[in-house]
Each structure stands twice: as structure tokens, then as C-alpha cells.
Amino acid sequence: MPDTAESGDLSELPLEALVACHECDLLMLKPALALGEQARCPRCGYELYTHRHQVVKRSLALVLAALLLYIPANFLPIIRLNLLGQSTEDTLWSGVLALYNSGMQSVAAVVFLCSMAIPLLKLLCQLFVLLSIRWQFGRSYGLLLYRLYHHMRDWGMLEVYLMGILVAIVKLVDIADLSVGVGLVCFVALILVQVWLEVTMSPHQIWEALAGEDEHASA
Ligand SMILES: [Zn+2]
């Protein structure tokens, strides 16, 4: 784990040779990393970047797993509610429709965007970016979509939705007969796969591969 060396005068060096810490803005010489090594900021300890093995292959597997989980997570029942002999099953999609039909169109639109549309668009962007690196086509579109992906990251709020579901379950469990559906299991799995994907898909390697500088990433 080599720490990056602080240099006395960095103004003479080309920009590509420098890296700035995301957290404390310290400007440093970019270290050359071997596979499996990571570089940390010497001042605040933030992980500048990691050079991971087979980033593209592993990320592709995770994106495909997330896309497969996306459909059951959104369209299979999340909870089954049994109240006074009446039984209902609710999915994410039926929740959006219920909000829309009860006159809360704007809330329905926000829930639809943040819990369904943007997470799907993010995954499709990641899929295209990874395929464009793997098969060496459309890198300029790949760059564009990867930029778009970084803008959308702040808007996909699956975790917030999960908290909402958990709060509802805790509140309802005393007054109704409640059981957890397959949809919730897929939903939690989808969130975990996405977190794993965020960790695996090292942005530094993806940017370099898109710019055509890194041959390791596609290996
Ligand atoms: Zn720092």
C-alpha cells in the first residue's frame, strides 16, 4: 500500500501526472500501482484509488445480477398483509400506482423516479460503459454515459425506500398479520449487489479504460 509522495514543486508537471485528494484537496504525484495495490492520501488517509483485478469482468457479472434482480424486486410482492380477513399483496409498482390513484401524483412521480427509473437507468449506463470497454466500441458514448451515471448517483434512493418499507413493517406488525414477500428479499439483494458493484467498479480504472489508456482493466 504505497503512500503517495508529496512533491516540492508540482507546477512543472503535466496534469496527467498529478492527482488531487477528493476529501482534502491535497495535490500529489500520481503513483504507479501494481494490481491489487491501493493509494491513500498521506494527509487524510482517503483512498485515492485502487488497482483491482479484472474490474470489467467482475463488474459486468454484478451489473447482470442486479438487472436480473431488478424485475422481481419491483414487481413481486414486498409484503403480504392480512387484516380482518382481507388479504392484500403490495409491490413497489403497485405502491406507485396507489399513490397516483389517491391524488398524490407528484409524490408518485418522485417515488417512481428515485426507486424505479433512475436505479434502472444507472444499471443500463453501467452495462453500456462496461460493454463498450470490453468490446472496444463506442467509447465516446461510454464516456458520456459514465458522466451521466455520476450525475444520477445522487438520485437513486433505494436505501431510503428500504428504510420506509422497514418502518411500515415495524408499525404494522402489531395490528395486522404480516408476512414478507419474495420481492423484499430480491430488493435487499439488489441493494447489496449495487453496493458491491460500487466497490468493485473502481472509477479510476473505468475512466482510464474509457480514455483508452489502461489495458489491465479489460483483462
Ligand atoms: Zn486527503
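The structure contained in this document is the topic of the report that follows. (Residues numbered from 1 in each chain as written. Predicted model: local features only at pLDDT ≥ 70, side-chain atom pairs only at ≥ 80, totals over all residues. Heavy atoms only, no water.)

**A closer look at unusual backbone geometry**
Glycine aside, the phi torsion of most residues is negative, and most peptide linkages are trans. For clarity, the threshold we go by: Helix and strand assignments come from DSSP, with helices taken as H or I runs of at least 4 residues and strands as E runs of at least 2, each series counted from the N terminus. Remark: exposure states derive from per-residue accessible area (1.4 Å probe, protein chains only) relative to the maximum for the residue type, with buried under 20%, exposed over 50%, and partly exposed in between.
The phi torsion at Asp25 lies on the positive side, around 65 degrees, for a residue other than glycine. Structurally, Asp25 can be placed in the loop between strand S1 (18–20) and strand S2 (27–29). When its relative accessible area of 61% is taken as the criterion, Asp25 is described as exposed. One non-glycine residue, Gln54, lies in positive phi territory at about 45 degrees. You can call Gln54 partly exposed: its relative accessible area is 39%.

**Side note on the environment of Leu210**
Selection rule: Contacts between residues were defined by any pair of non-hydrogen atoms, one from each residue, lying within 4.5 Å.
Within the secondary structure, Leu210 is located in helix H7 (residues 203–210). Judged by relative accessible area, Leu210 falls into the buried class, the value being 4%. Distance from Leu210 to Ala168, taken between C-alpha atoms, is 43 Å for residues 42 residues apart in sequence. Once residues within four sequence positions are removed from consideration, Leu210 is found in contact with Val129, Ser132, Ile133, Arg139, Gly142, Leu143 and Tyr146.

**Some details on the layout of surface pockets**
In plain terms, the rule: Definitions used for this entry: grid spacing 1 Å over protein atoms alone; cavity, a set of points where a 1.4 Å probe fits but cannot get out; pocket, an open set with protein on both sides within 12 Å along at least 5 of 7 lines; lining residue, one with an atom within 4 Å of a point. Grid points are joined across faces, edges and corners, and a volume is the space filled by probe spheres set on the points. All amino acids are sorted into three groups, where Ala, Val, Leu, Ile, Met, Phe, Trp, Tyr, Cys and Pro are nonpolar, Asp, Glu, Lys and Arg are charged, and the leftover types, Gly among them, are polar. Each domain's extent was defined by an automatic or database domain assignment.
Taken as a whole, the largest pocket holds about 830 Å³ of empty space. Lining the largest pocket are 28 residues, with Leu48, Tyr49, Pro203, His204 and Trp207 positioned closest to its centre. Of all the elements in the fold, those that place two or more residues in the lining of the largest pocket are S1, strand S4 (47–50), helix H4 (139–152), helix H6 (182–200) and H7. Looking at the lining of the largest pocket, its residues break down into 15 nonpolar, 5 polar and 8 charged. When residues are assigned to domains, the lining of the largest pocket turns out to be shared by domain 1 (15–50) and domain 2 (55–205), each giving three or more. Space inside the second largest pocket adds up to approximately 200 Å³.

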